Amino acid sequence: MIELYRGLATTRIKPPYDEQIDALTNILTQVDNEFTHPCFTMIQLNIHTEVSVLLGLLTTNSYLGNFDFKESIFSMHECKLELSTWKNVYENPTDSSVTKDPTRLKVLKSGLYFWLDIFMQVTVSKMALYFHNIFAKKEALFGGNMKQITSNLSINYPF
């Protein structure tokens, strides 16, 4: 995983998404197969969610690079749901023994969750840039002006 993150951080040209997606898929199957003990449930959940969200974001960026609107929208929606579910696990724990732990929310304040959240926001901004014409044609469905809607994005590209 560390090599994958280093590769993403140091890439100045188009990243090799296919290789990274294959590597993350392999990691995901290993996590599901190797963390079987009940004590590792929370660790397995965190690693699985991290890898799934990163895999989804890289897949979305791959679809964006190929200008595949439908697949990129569906992939982005899955990432958003998974990231919000991960956040809800920590904000609203169901296990009463864990709720007494004051360090429980530190995971959300860690760099990893925020990095994935920022990566998702950047990908949404990139999607708005790539598919601006499609979104502009459907302005009425969004309930507002396209410039006003895109001004709320983390990276506000001038349209």
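Once a new chain begins, its residue numbering starts again from 1 and follows that chain's sequence as written. Only residues with pLDDT of at least 70 get local features here, since the model is predicted, and only at 80 or more are side-chain atom pairs given and counted; chain-wide, interface and lining totals rely on the full set of residues. Only heavy atoms go into the side-chain values, all of them from the structure, while hydrogens and water stay out.

I'd like a rundown of the confidence of the model for the protein, residues and numbers included.
Model confidence for the protein is summarised by a mean pLDDT of 76, while 69% of its residues fall at 70 or above. For every residue, the predictor states its confidence as a pLDDT score lying anywhere from 0 to 100. The helix count covers DSSP runs of H or I at least four residues long, the strand count covers runs of E at least two residues long, and both are numbered beginning at the N terminus. The least confident element of the protein is helix α5 (residues 96-99), whose mean pLDDT is 50; the most confident is helix α3 (residues 41-65), at 86.

Lay out α3 with the relevant residues and their values.
In this model α3 runs 36 Å from its N-terminal to its C-terminal C-alpha over 25 residues, within 8% of the 36 Å that 1.5 Å per residue would give. At the exit of α3 stands F67, carrying a positive phi of roughly 55°. A helix's residues, less one, multiplied by 1.5 Å, set its expected span.

Summarise the packing of aromatic side chains; cite the residues concerned and give the values.
To pair, rings of Phe, Tyr and Trp, with the six-membered ring standing in for Trp, must have centres within 6.5 Å; the planes then decide the type, stacked if under 30 degrees apart, edge-to-face if over 60, and tilted in the middle. A complete count under the given rule lists 5 aromatic pairs for this structure. Arranged with centres 5.9 Å apart and planes meeting at 65°, the rings of W86 and Y113 form a pair that is edge-to-face. Here Y113 lies in helix α7 (residues 111-130) and W86 lies in helix α4 (residues 69-91), a separation of 27 residues in the sequence. Take W86 and Y113: they sit in the same class, and that class is buried. By way of ring pairs, the aromatic residues W86, Y113 and F114 are connected into one cluster. Only protein chains enter the area calculation, which uses a 1.4 Å probe; residues under 20% of their type maximum are buried, those over 50% are exposed, and those in between are partly exposed.

Residues and numbers for unusual backbone geometry, please.
Phi is positive for F67, which is not a glycine, with a value near 55°. Summarising the element assignment, F67 is placed in the loop between α3 and α4.

Give me the packing of helix α2 (residues 17-34) against α3: which residues, what numbers.
Axes here mean lines fitted to C-alpha atoms, for a helix over just the part in contact, with angles spanning 0 to 180 degrees between N-to-C directions. The N-to-C vectors of α2 and α3 enclose an angle of 160°; their axes lie 10 Å apart at closest approach. Taken together, the axes of α2 and α3 lie roughly antiparallel to each other. The hand of the α2/α3 crossing is left-handed. Contacts from Y17, D18, Q20, I21, L24, T25, I27, L28, V31 and D32 of α2 reach α3 at Q44, I47, H48, V51, S52, L54, L55, L58, T59, N61 and S62. Three categories are distinguished: nonpolar for Ala, Val, Leu, Ile, Met, Phe, Trp, Tyr, Cys and Pro, charged for Asp, Glu, Lys and Arg, and polar for the others, with Gly belonging to the last. Residue composition of the contact of α2 with α3, grouped by class: 11 nonpolar, 8 polar and 2 charged. The labels follow the angle: roughly parallel below 35 degrees, roughly antiparallel above 145, roughly perpendicular from 65 to 115, and oblique for the rest. By definition, turning the near helix anticlockwise from the far helix through less than a right angle yields a left-handed crossing, and turning it clockwise yields a right-handed one. Any two residues whose heavy atoms approach within 4.5 Å are treated as being in contact.

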